[in-house]
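# Observations on chain architecture
Chain by chain, the residues:
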Amino acid sequence: MTTINDPQNQPQDPAPDALHEADRRARLLREQLQAHNVAYYVHDAPTVSDAEYDALMRELQALEAAFPSLVSSDSPTQRVGATPIAAFGSVTHRRQMLSLGNAFSADDLREFDKRAKRTVGMDLEAPVEYICELKLDGLAVSLTYENGRFTQGATRGDGATGENITQNLRTLGAIPLRLATDAPPDLIEIRGEVFLSHREFKRINGERETSGEPTFANPRNAAAGSLRQLDSTITAKRRLQIYLYAVGESKGYRPESQASLLEQLRSWGLPVNPHREVCETIESVVAFVDGWADRKNTLDYDTDGVVVKVNDYHLQQEMGQVSRAPRWAIAYKYPALQVQTLLEDIVVQVGRTGAITPLAILAPVAVGGVMVSRATLHNQDEITRKDVRIGDTAVIQRAGEVIPEIVRIMPELRPEGTMPYLLPSECPSCQTPLIRPEGEAVTRCPNAKGCPAQLQTRFEHFVSRNALDIAGLGERHIAQLIAADLVKDPADLFTLQKESLLPLERMGDKLADNILRAIEERKQTTLARLIFALGMRHVGERAASVLARRYRTLEQLAEASADEMDGIHEIGRTTAESVSAFFALDETRELLRKLREAGVHAQGDDSAPVSDHFQGKTFVFTGALTQRTREDAEALIRRLGGRASGSVSKQTSYLVAGDAAGSKLVKAQSLGVPVLTEDEFAELLPPDERPAEAPAIPEGES
């Protein structure tokens with residue numbers, strides 16, 4: 001009988017042959033995954049789909065679970081994060097991480113050129129070859145590789161000592177856990193910058209806003225905060241990026257130039273910024289800087305300047321350094337895209353979770369071609385730190401070309417009589433005393449059931465495009481429904497009658513019919529949409545999708561414990577406890593009852609996995625099947641966590657051959673892929689998935 005490498009069925013002491021084969025396969029999978037990572041992060045040219053990459057990863061995870069001795073520190077499976085730590089340790093850099101002097105004009109660059117030449121006695125008219133690289137606005141880090149393996153990662157800190165963030169850096173897919181070379185240096189420190197794209201910054205802030213959490217002010221703060229999480233599973237969810245650009249201590253490798261170093265890093269599988277240029281003279285450097293002044297705004301990440309370095313390493317050594325800055329490099333800084341405007345007022349908004357967000361009302365001003373009249377102030381701590389007052393003149397910038405923020409206040413222009421601003425003590429919507437939960441930066445209105453503003457925003461969220469997507473129900477109509485006492489919770493939407501809508505202002509027959517039709521159409525929805533629509537704290541679209549794949553109905557999710565949900569990949573403890581607390585509320589139980597009685601039905605994804613029984617396994621079906629159709633068989637594989645493919649390859653785990661199997665059977669045999677009959681395939685299934693006529697596996701047999 002053919003067996004499957006299922007971790008639950010593995011004997012305690014695997015046979016040497018099985019262990020050897022598993023080791024061979026695991027090594028191959030690691031090589032393939034690393035090659036795919038290099039293609040994606042270094043060359044920006046993916047070679048497989050996300051689904052194919054995930055299938056390889058699941059197979060490797062299954063192998064390592066079955067044979068724990070195969071787990072290695074450089075395995076791609078070790079990126080998901082580890083147990084939260086109490087605090088970061090310190091790391092002493094083997095070689096100091098230097099700072100750079102700044103240049104703010106073309107003349108500053110020319111003066112740098114002359115100054116560098118003077119240090120080595122060069123003719124001031126002699127050309128020096130420079131290399132220009134975009135200066136990233138992120139967090140500087142140092143990666144240590146020993147014999148090719150990533151062993152330690154640290155922040156820059158004060159240049160001499162940084163924080164040990166090894167576990168967090170391991171979660172970045174762009175950082176190879178082993179250098180792609182058979183002859184790595186004995187030891188090498190590689191420096192770079194971790195950053196967050198504008199797209200990812202927007203996604204994270206959107207999810208935090210949805211979950212009632214304070215948003216990040218800009219991408220740099222978000223990247224720094226993500227890297228300094230004591231729980232690395234949070235870092236793993238942030239999709240941080242990194243570009244490498246320098247070397248500290250090195251034993252076994254010595255570059256000839258900065259350009260050759262960047263090419264070497266790239267060949268080792270490390271991402272480097274593609275936007276760089278070798279310049280033969282300082283005037284070529286000035287041209288590069290000018291060329292990127294506007295072009296930088298087209299990038300999906302922040303860059304605030306250009307780093308200019310002498311290209312030749314031998315010349316760099318001759319020039320040396322002064323204090324903590326090298327004589328052979330300088331950072332050109334572009335003028336910040338900032339403007340001044342009057343802060344006319346501060347208002348507060350009440351979110352659907354009760355979060356109170358202060359908002360600065362500004363005299364309209366153009367910032368980078370966009371008119372700005374509002375800017376978030378985040379919370380009371382931020383207001384106090386910047387000493388923001390009504391009537392102040394504020395310096396405004398668009399953070400990461402995405403959202404407006406107040407950089408600083410100009411106290412020298414402050415009118416007399418202004419007072420420090422404090423958030424109101426009562427909710428502006430329902431006059432309930434506000435609270436600030438211990439350990440949180442956000443002030444909240446605790447009146448979840450009776451606050452009109454919370455009710456309004458909860459309804460807006462429930463009907464929004466990514467939730468139930470009920471067309472025609474805008475802010476005005478929702479406000480009318482609430483004011484007329486026609487709805488108290490989202491379930492009431494599904495029991496609205498036309499005669500109750502018609503008395504509303506500007507509501508005619510046709511509009512009422514359209515709204516009721518749109519509501520009726522959304523009685524049938526997906527489980528992921530409904531979970532997201534319920535608006536639980538810490539549950540964004542991604543978490544809703546993960547929960548929907550694990551639990552087939554809303555009732556199953558409601559019965560799940562926090563401990564059970566905490567064990568689901570991508571669902572952390574905070575989210576698990578939030579979901580559990582939500583479903584424990586009496587009003588939630590009442591809401592679910594009303595939704596059921598109104599005929600709302602949330603359908604789970606039939607193709608979504610309900611178990612990991614076949615995790616990491618790929619099946620191909622061929623020939624005429626008798627026990628189930630091929631479509632049903634492939635859907636079954638997917639539901640059990642495996643992958644169904646239409647073609648045979650070396651990555652195929654099993655070929656299931658029915659009658660009159662053809663070329664796929666021949667190819668499987670030539671590649672050594674195990675071939676199963678339908679009965680043998682049935683033996684691999686969980687008991688409740690086997691056909692009635694399929695032979696059962698005796699208890700204890702594998």
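Residues numbered from 1 in each chain as written. Predicted model: local features only at pLDDT ≥ 70, side-chain atom pairs only at ≥ 80, totals over all residues. Heavy atoms only, no water.

For the chain, the helix and strand inventory stands at 24 helices and 25 strands. Taken across its 702 residues, the chain has 48% of its residues classed as buried. Put simply, 68% of the contacts in the chain that link residues at least 6 apart link residues at least 24 apart. A gap of 2 Å separates the mean positions of the 80 positive and 100 negative side-chain charges of the chain. (Helix = DSSP H or I, 4+ residues; strand = E, 2+ residues; numbered from the N terminus. Buried < 20%, exposed > 50% of the residue type's maximum accessible area, 1.4 Å probe, protein only. Contact = heavy atoms within 4.5 Å. Lys, Arg positive; Asp, Glu negative; His and termini not counted. Charge placed at Lys NZ, Arg CZ, Asp CG, Glu CD.)

Now for the pattern of salt bridges. This structure, assessed with the given rule, holds 42 salt bridges. For the salt bridge of Arg239 with Glu200, the shortest nitrogen-to-oxygen distance reads 3.5 Å. Of this pair, Arg239 sits in the loop between α7 (232–236) and β8 (241–251) while Glu200 sits in helix α5 (residues 198–210), placing them 39 residues apart in sequence. For Arg239, a relative accessible area of 48% corresponds to the partly exposed category. By relative accessible area, which is 6% here, Glu200 ends up buried. For Glu590, the salt bridge goes to Arg593, with nearest N and O atoms at 2.4 Å. Of this pair, Glu590 and Arg593 both sit in helix α21 (residues 586–597), separated by three residues, roughly a single helical turn. Via salt bridges that share partners, Glu200, Arg203, Glu207 and Arg239 belong to a single interconnected network. (Salt bridge = Lys/Arg side-chain N within 4 Å of Asp/Glu carboxyl O.)

Of all the five residues making up strand β22 (residues 618–622), five are buried; the element is thus mostly covered by neighbouring parts of the structure. Of the two faces of β22, the one carrying Thr618, Val620 and Thr622 and the one carrying Phe619 and Phe621 are both buried. Note that β22 and strand β23 (residues 643–645) share three bridges and pair parallel. Looking across to β23, one finds that Thr618 is bridged to Arg643. (Pairing = 2+ DSSP bridges.)

On the basis of which strands lie adjacent, the open sheet formed by five strands has the order β2-β13-β10-β3-β9 and mixed pairing. The two strands at the open ends of the sheet, each matched to only one other strand, are β2 (101–103) and β9 (276–279). Taking each pair of neighbouring strands and ignoring which way they run, the sheet shows an average axis angle of 30 degrees. Both strand β10 (residues 303–310) and strand β13 (residues 329–333) contribute to a ladder of five bridges, which runs antiparallel. (Axes fitted to C-alpha atoms, helices over the stretch in contact; angles between N-to-C directions.)

Here we have four strands laid out as an open sheet, ordered β5-β4-β7-β8, and antiparallel in their pairing. Edge strands, defined here as strands with exactly one partner in the open sheet, are β5 (149–155) and β8. For this sheet, the mean angle separating the axes of adjacent strands, direction not counted, is 25 degrees. Docked against the sheet, helix α6 (residues 219–227) engages β4 (139–146) and β7 (187–195), running at close to 40 degrees with respect to β4. Docked against the sheet, helix α8 (residues 258–267) engages β7 and β8, running at close to 110 degrees with respect to β8.

With that out of the way, let us pick up the environment of Met97. Positionally, Met97 belongs in the loop between β1 (90–92) and β2. The spatial distance from the C-alpha of Met97 to the C-alpha of Ala325 is 9.2 Å, given a sequence separation of 228 residues. Ignoring anything within four residues of it in the chain, the contact list for Met97 reads Ala140, Val141, Ser142, Arg156, Gly159 and Arg191.

Next up on the list: a negative patch on the surface. There is a patch of like negative charges on the surface, built from Glu129, Glu256, Glu280, Asp312 and Glu318. Take Glu318: it is sitting in helix α10 (residues 313–319). (Patch = residues over 30% accessible without salt bridge, like charges linked within 9 Å, V, L, I, M, F, W, Y side chains within 5 Å. Areas by Shrake-Rupley, 256 points an atom, 1.4 Å probe, with all protein chains shown as cover.)

Counting buried positions over the five residues of β13 gives four, a clear majority of the element. Here β2 pairs with β13 via three bridges, running parallel. For Gly101, the partnering residue across the bridge sits in β13 and is Ile330.

Looking now at the side chain of Arg238. Within the element layout of this structure, Arg238 appears in the loop between α7 and β8. Arg238 gets classed as buried once you look at its relative accessible area, which sits at 10%. Within the structure, the side chain of Arg238 is placed 2.8 Å from the side chain of Ser226, a separation counted as a polar contact. Those residues in contact with Arg238, other than ones at most four positions away along the chain, are Leu196, Glu200, Arg203, Ile204, Arg208, Phe216, Ala222, Ser226 and Gln229. (Polar contact = N/O pair within 3.5 Å; in protein donor to acceptor, adjacent residues only side chain to side chain.)

In this model, the chain carries a mean pLDDT of 85, and residues with pLDDT of at least 70 account for 91%. Here residues 1–11 scores under 50 on pLDDT; set against residues more than four positions off or in separate chains, the count is 26 contacts. Below pLDDT 50 for its whole length, residues 693–702 participates in twelve contacts with residues either more than four positions away or in separate chains. (pLDDT = per-residue confidence, 0-100.)

What follows covers α21. With twelve residues, α21 ought to run about 16 Å at 1.5 Å a step, and its terminal C-alpha atoms sit 17 Å apart, in line with that. Those residues of α21 that sit buried are Thr588, Leu591, Leu592, Lys594 and Leu595. Along the long axis of α21, the arc covered by the buried residues comes to 165 degrees, so they all point the same way. Away from its buried face by more than 90 degrees, α21 exposes Asp586 and Glu597. Buried positions along α21 lie against α18 (554–559) and α20 (573–584). (Expected span 1.5 Å × (residues − 1). Arc of directions from axis to C-beta.)

Let's shift gears to the packing of helix α3 (residues 106–119) against helix α9 (residues 282–295). The geometry of α3 relative to α9 is characterised by a closest axis approach of 10 Å and an angle of 150 degrees between their N-to-C directions. One element, α3, and the other, α9, form an angle in the roughly antiparallel class. Note that α3 runs across α9; the crossing there is right-handed. For the pair α3 and α9, contact is made by Ala106, Leu109, Arg110 and Asp113 and by Ile282, Glu283, Val285, Val286 and Val289, respectively. Partitioning the contact of α3 with α9 into residue classes produces six nonpolar, no polar and three charged. (Parallel < 35°, antiparallel > 145°, perpendicular 65-115°, else oblique. Left-handed = near helix turned anticlockwise from the far one by under 90°. Nonpolar A, V, L, I, M, F, W, Y, C, P; charged D, E, K, R; others polar.)

With that out of the way, let us pick up α9. Helical geometry: 3.6 residues make up each α-helical turn, so side chains three or four residues apart lie on a common side. When the terminal C-alpha atoms of α9 are compared, their 20 Å separation across 14 residues agrees well with the 20 Å that a helix rising 1.5 Å per residue should span. Along α9, the positions that sit buried rather than exposed are Ile282, Val285, Val286, Phe288, Val289 and Trp292. Around the axis of α9, the buried residues are gathered within 160 degrees of arc, so they sit on the same side. Facing away from the buried side of α9 by more than 90 degrees, the exposed set consists of Asp290 and Asp294.

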